[in-house]
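The residues making up each chain are set out below.
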Amino acid sequence: MKLSNITSEALIFLDQEWRTKEEVFDGLIDALYKQEVLDDPSEFKKAVLERETISETGLEKGFAIPHGKSKTVRKAAFAFARLNSPIPDWKSIDPTNKVQYIFLLAIPEAEAGSTHLELLAELSKRLLHEDFITAITKTRTVPEFLVALDKETIDNTEGEYTRKIVAITACAAGIAHTYMAAEALELAGKELGIQVIVEKQGANGIENRITPEILKGAEAVIFATDIAAKDKHRFKGLPYIQRRVAEPLRSGKEMIETVLSKPDGHVKDEDDSSVSPDEGKSSFLSQIYRGILTGISYMLPVIVAGGLMIGIAQLGAAAFGLEKVIGEPKFATDSNQLIVIFHYLGLYGNMIMKFMYPVFGAFLAYSIADRPGLAPGFISGAFAAGLHYTFWGTEGGIPSGFLGVLILATIAGFVAKFLNEKIHLHKNLQAMKPMFIIPGVTVLIIFLVNFYFVDPVFGQLNLWLQDLIIQNKDASAVVLSTIIACLTAFDLGGPVNKAAGAIAIGLAADHIFPLTARVLAIVIPPIGIGLATVLDKYIVRRRVFDENLRVAGTTSIFLGFIAIGEGAIPFMLQNPLITIPLNMIGASLGAVTAVSLGAVQWLPLPAIWGWPLVENFWAYAIGLIVGIGFITFSNIFVRYALIKRKENKTK
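We now turn to the structure provided with this report. For every chain, the first residue of its written sequence is number 1, and the numbers climb from 1 along that sequence. Local features in a predicted model are, by the rule used here, given only for residues with pLDDT of at least 70; side-chain atom pairs are given and counted only at 80 or more, and totals for whole chains, interfaces and linings are based on all residues. Water and hydrogen atoms were dropped before computing side-chain values, which therefore reflect all heavy atoms in the structure.

A separate point is the pattern of salt bridges. In the sections that follow, a salt bridge refers to a side-chain nitrogen of Lys or Arg positioned within 4 Å of a carboxyl oxygen of Asp or Glu. All told, the structure shown has 16 salt bridges when counted by the stated rule. Across the salt bridge formed by E22 and K45, the nearest N and O atoms sit 2.5 Å from each other. Remark: K45 occurs in helix α2 (residues 41-54) and E22 occurs in helix α1 (residues 21-34); sequence separation between them is 23 residues. Throughout, exposure labels follow a simple rule: accessible area from a 1.4 Å probe, protein chains only, divided by the maximum for the residue type, with under 20% read as buried, over 50% as exposed, and the rest as partly exposed. For E22, a relative accessible area of 39% translates into the label partly exposed. Linking K253 and E191 is a salt bridge whose minimum nitrogen-to-oxygen distance equals 2.7 Å. Of this pair, K253 sits in helix α8 (residues 247-261) while E191 sits in helix α6 (residues 176-192); the two residues are 62 residues apart in sequence, bridging distant segments of the chain. Secondary structure counts use DSSP, requiring at least four H or I residues in a row for a helix and at least two E residues in a row for a strand, with both numbered from the N terminus.

Rendered as structure tokens:
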């Protein structure tokens, strides 16, 4: 790629007096607009500022590559500024970086997965070469700068290499850092005389896949990843190190030297478990946390797909006035084929949702134990989703939900990992370990843990909660509303929620206590936390949720309005200690406010189409606003405070 082809003299600014990031953006965006790269400069600036809140665009050695993807961009281009005085507070991968050289990339939204990545990769590649840096920082005129942009700096000769290692890079978003880390490792290898071949597991899938042919002669493997790397079994027996994806930009050479002289351990495989474990380099809690992030990443498409199917069914049924009853069996044989389709789409969406926990469990365990953990993790999730009750014909079984999958899949991962490392077989019997012993023993242990601990615990919890509500049914409306709302919001459709629902519906059926608190507590948490992912950038001027959770947030809002709380489960899985208490407090505040002001709902219709049936809807609406507002703002401020505390510790 010739960089000079996607910029121009009018977009290059040398020796500017801009003092702040805002001034830099205003100046460069105005130039892009005047060169007809943009249709709407204010809209593009919003895209750039939004990207700034996601992760660092500052690099090191004074450089930053801010970028924006927007429909307002007519054609891919970039503008450059070289400042007379550096900007010290530009968030960078290198905390000591003071930004003085800025490439601002403008990418059409339609080219987000192609031009965007190619341009980022090319720039990051060039910026890792001292001669390129010297050329563009010292040029005196704009024409000289354009010539320097295209100066070839990389020698691709491979005959000088006497050693070879391989690497995998992957970040949570799968975009900038994945490619920058790869280039940094390759360049560090060149300087050391060691060939480094990098596979990038990014937003476009696996690129430059490491094949068995490439692996021949490789001495070690580096995993520079923030999520679990795919297909690690390919590297069985190789020495390895595991680091964060940004680490190669700071210490690429040191990483290569470390993996060759003092690795974390050796990659495990079904055929070779006699290698050193890696617990010393990766703590128990960090392995679980990485597993949760990996599980959420793979679970999100299931939630989105299931929610979309349910949403289409509900919206389509609304055209016939059947949104409240479309799930009833009689509509499976309706004379109107559209109604039949909407009926089955709703069932289809609910079926997809059943696989949310199995997928999450599979990849949580996979992150801990690699391939041996996949099947036991999936089965753990099936228990958590209550699929065993369906297949066994058990009436009234309560699924263990997100707490169950966290417990069972974590156990599955560590049991499979332990067995893979500790069991040693004769070479003629090695195939028995991955195909028979590990899955057989692990799923047996999972069955016993679920049978004797998880299901009984949640079963007893269910009975205790029922007794709690029944014992307090004669208490004041405020106390009973608080109890019902807290329990409903606790696990977003899990056993605690189900227990609260069973008793609340029973009390309403006997006309003892209305369902107001129950129905409000169903919709407040998913809408509230979803709004937090949208409003954080406006409230605290930065993103406090990662890219995966922002996708989940949009889905959560939509599902919340149709009374499906599962859209907010990824937030609960990633950080239950924040999410659960805030959900419970917000739901309680909203419910108590509405009930105290006189809102009454006797029908089990929490979705938006049930709202017109509420007595004193104005009071109900105020309760909604109070509860949603609390969850939205408390999530933003609590998470922002934690981020700032972490940043202050690293200074």
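Helix axes use the C-alpha atoms of the stretch in contact, all axes being lines fitted to C-alpha atoms, and the angles between their N-to-C directions lie in the range 0 to 180 degrees. Running from N to C, helix α9 (residues 284-318) and helix α14 (residues 401-422) cross one another at 115 degrees; their axes reach a closest spacing of 11 Å. Between α9 and α14 the crossing geometry is right-handed. Between α9 and α14, the residues in contact are F284, Q287, I288 and I292 and L406, T410, F414 and K417, respectively. Residue polarity is assigned by list, with Asp, Glu, Lys and Arg as charged and Ala, Val, Leu, Ile, Met, Phe, Trp, Tyr, Cys and Pro as nonpolar; anything else, Gly included, falls into the polar class. Looking at the contact of α9 with α14, its residues break down into five nonpolar, two polar and one charged. In this scheme, a crossing is called left-handed if the near helix is turned counterclockwise away from the far one by less than a right angle; it is called right-handed if the turn is clockwise. The criterion used for residue contact is that any of the two residues' heavy atoms lie within 4.5 Å.

Here the focus is the packing of aromatic side chains. Any Phe, Tyr or Trp ring, taking Trp's six-membered ring, that has another such ring centre within 6.5 Å forms a pair; planes under 30 degrees apart are called stacked, those over 60 apart edge-to-face, and the others tilted. All told, the structure shown has 20 aromatic pairs when counted by the stated rule. A ring pair is formed by F80 and F103, whose centres lie 4.8 Å apart and whose planes are at 55 degrees; its orientation type is tilted. Pair noted here: F80 is in strand β4 (residues 77-87) and F103 is in strand β5 (residues 99-108), with a separation of 23 residues, a long-range link. Of the two residues, F80 and F103, both sit in the buried class. With a centroid separation of 3.8 Å and an interplanar angle of 10 degrees, the aromatic rings of Y298 and F363 are classed as stacked. Of this pair, Y298 sits in helix α9 while F363 sits in helix α11 (residues 356-369); the two residues are 65 residues apart in sequence, bridging distant segments of the chain. Three or more aromatic residues joined by ring pairs form one cluster here, namely F78, F80, F103 and F145. Lysine and arginine charges are scored as sitting over a ring when NZ or CZ, respectively, is within 6 Å of the ring centre and within 35 degrees of the ring normal. In this structure, K21 packs its charged tip against the face of W90, placed 4.7 Å from the ring centre.

Consecutive residues of a regular strand have side chains that alternate between opposite faces of the sheet. Strand β6 (residues 163-170) sits mainly inside the fold: seven of its eight residues count as buried. Strand pairing follows a simple DSSP-based rule, namely that at least 2 bridges must link the two strands. Of the strand pairs in this sheet, β6 and strand β7 (residues 194-202) are connected by seven bridges, and their pairing is parallel. Along β7, the bridge assignment pairs I168 with E199. Examined bridge by bridge, β6 and strand β9 (residues 221-225) share five bridges and lie parallel to one another. Across the sheet, A170 pairs through a bridge with T225, a residue of β9.

Purely geometric stuff here, so don't read any function into it on its own.
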